[in-house]
Amino acid sequence: MEPENPWRPGRADPPGLETGPGGSAGLRPIGSFFEAIPFGRAHVLAALALFMAFVIESWEQLALVYVSGDLGDAFSIDTGRIGWVLSAVALGMIPGALVWGPVSDRIGRRAVCLWSLSAYGVIALASALSPNFTVLLVTRVLSGLAPAGICTVTFPYFLELLPSRMRGRAAVYLSIGWPIGVLAAVGVTQLLAGLGWHVVAIASALAGLWVFAIRAWVPESPYWLAAQNRHDEAAAVLRRRGSTSRTAPASPSSPPSGPAARWSCCVAGCCGSRC
């Protein structure tokens, strides 16, 4: 009979592996590992990969704004329809955020990032090849729905991989990715504007290739693994992040359950000590 998952909302942190006296396997709250874990190269690479994913999400918001004139001429549409095309990404993000959050709790943070960014690359390329206004509008809505997965999980995922003492500052640094993405979109679209809106859309699609960096540098969240009773995998992730001791400080307070709750916790400023 499968053992009961010891982590439920309202209980202690999801457990991680610890070696007890005589080599026996025991469990202790996984959050305690992050109190003593050192910050190293593996953390830098994972943080960079997720930071850039957040930049890409921001980029898509403005990707076609500065080539909207050429877009209107190509499809012979008025300013009202151009406005619908430009706002379609935001419209797609609303249901996307509602869908991807529960999905990330079911299949994992890493899987959501990989599927979300991969789907975005394919859909953004399809939008560049749109034969008419209707197809363009639909692909733009989907271009918002797909990367909403990145937007939904990046903050909790980013913080779940870092030592506890760094989470407050790290949340601030990650936030900077949004204006950087906006500025990058302005710069690139100004550079490529003379080549037409198709080229700008294709450049946006190429950003989907960043999925390979996430696949190479970002492991699954050990919090999520432990919550699924995959303790060996959680312990392996912790070891690759520098955990060398099975003895750690006492468990921090129970983290909120789910991505939205963790994000609220971070806004409240408790990431560095409790989440």
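Residues numbered from 1 in each chain as written. Predicted model: local features only at pLDDT ≥ 70, side-chain atom pairs only at ≥ 80, totals over all residues. Heavy atoms only, no water.

Enquirer: Explanation requested: the nonpolar core in the structure shown.
Expert: Note on soluble globular proteins: their nonpolar side chains tend to be buried together. Leu 50, Cys 113, Leu 117, Tyr 120, Phe 158, Ile 214 and Val 218 are the most contacted members of the largest nonpolar core, which totals 38 residues. Breaking this core down by element, the ones donating at least two residues are helix 2 (41-62), helix 5 (109-128), helix 7 (148-160), helix 8 (167-175) and helix 11 (211-217). Tallying contributions element by element places helix 2 first for this core, with ten residues. Other than its neighbours up to four places away in sequence, Leu 117 contacts Ile 56, Ile 150, Gly 208, Trp 210, Val 211 and Ile 214. Counting 15 residues, the second-largest nonpolar core is a separate cluster that includes Leu 71, Ala 128, Val 200 and Ala 203. (Core = buried A, V, L, I, M, F, W, Y, C linked by side-chain atoms within 4.5 Å. Buried < 20%, exposed > 50% of the residue type's maximum accessible area, 1.4 Å probe, protein only. Helix = DSSP H or I, 4+ residues; strand = E, 2+ residues; numbered from the N terminus. Contact = heavy atoms within 4.5 Å.)

Enquirer: Please explain the pattern of salt bridges as it appears in this structure.
Expert: Opposite charge on two side chains permits pairing when their charged atoms draw close. According to the stated counting rule, one finds four salt bridges in the structure shown. As a salt-bridge pair, Arg 140 and Glu 60 come within 2.6 Å of each other at their nearest N and O atoms. With Arg 140 in helix 6 (residues 133-145) and Glu 60 in helix 2, this pair connects stretches of sequence that are 80 residues apart. Of the two residues, Arg 140 and Glu 60, neither departs from the other in class, the shared state being buried. (Salt bridge = Lys/Arg side-chain N within 4 Å of Asp/Glu carboxyl O.)

Enquirer: Looking at this structure, how should I read the packing of aromatic side chains?
Expert: The geometry of an aromatic ring pair is captured by the separation of the ring centres together with the interplanar angle, meaning the angle of the planes. Under the criterion given, the structure shown has five aromatic pairs. Residues Phe 75 and Trp 197 carry aromatic rings whose centres are separated by 5.6 Å and whose planes lie at 50 degrees to one another, so their mutual orientation is tilted. Linking Phe 75 in helix 3 (residues 68-75) with Trp 197 in helix 10 (residues 197-206), this pair joins segments that are 122 residues apart in sequence. When its relative accessible area of 1% is taken as the criterion, Trp 197 is described as buried. Between the aromatic rings of Trp 210 and Trp 217, the centroid separation amounts to 6.1 Å while the plane-to-plane angle is 80 degrees, which identifies the pairing as edge-to-face. What makes Trp 210 partly exposed here is its relative accessible area of 23%. In this structure, Arg 81 packs its charged tip against the face of Phe 133, placed 4.9 Å from the ring centre. Positioned over the ring face of Phe 34 is Arg 167, at 5.0 Å from the centre of the ring. (Phe/Tyr/Trp six-rings, centres within 6.5 Å; stacked < 30°, edge-to-face > 60°. Lys NZ or Arg CZ within 6 Å of the ring centre and 35° of its normal.)

Enquirer: Looking at this structure, how should I read the side chain of Ser 58?
Expert: Take Ser 58: it is sitting in helix 2. With near-sequence residues (within four places) excluded, Ser 58 lies in contact with Gly 177, Trp 178, Gly 181 and Val 182.

Enquirer: For this particular structure, what's the right way to read the confidence of the model for the protein chain?
Expert: Per-residue confidence for the protein chain gives a mean pLDDT of 78, with 78% of residues at or over 70. Across the protein chain, the element-wise mean pLDDT spans from 37 in helix 14 (residues 259-267) up to 94 in helix 11. Confidence over residues 1-25 falls short of pLDDT 50; this stretch has 60 contacts with residues more than four positions distant or in other chains. Predicted confidence is poor over residues 247-275, with pLDDT under 50, and the contacts of this stretch with residues over four places away or in other chains come to 60 contacts. (pLDDT = per-residue confidence, 0-100.)

Enquirer: I'm lost on the packing of helix 5 against helix 6 in this one. Help?
Expert: Helix packing for two helices is described by the angle between their axes and how far apart those axes are. Between helix 5 and helix 6, whose axes approach to 9 Å, the crossing angle comes to 160 degrees. In terms of their interaxial angle, helix 5 and helix 6 are classed as roughly antiparallel. Note on packing geometry: the crossing formed by helix 5 with helix 6 is left-handed. Across the interface between the two elements, Tyr 120, Ile 123, Ala 124, Ala 126 and Ser 127 from helix 5 touch Leu 136, Thr 139, Leu 142 and Ser 143 from helix 6. Classifying every residue of the contact of helix 5 with helix 6 by side-chain character gives six nonpolar, three polar and no charged. (Axes fitted to C-alpha atoms, helices over the stretch in contact; angles between N-to-C directions. Parallel < 35°, antiparallel > 145°, perpendicular 65-115°, else oblique. Left-handed = near helix turned anticlockwise from the far one by under 90°. Nonpolar A, V, L, I, M, F, W, Y, C, P; charged D, E, K, R; others polar.)

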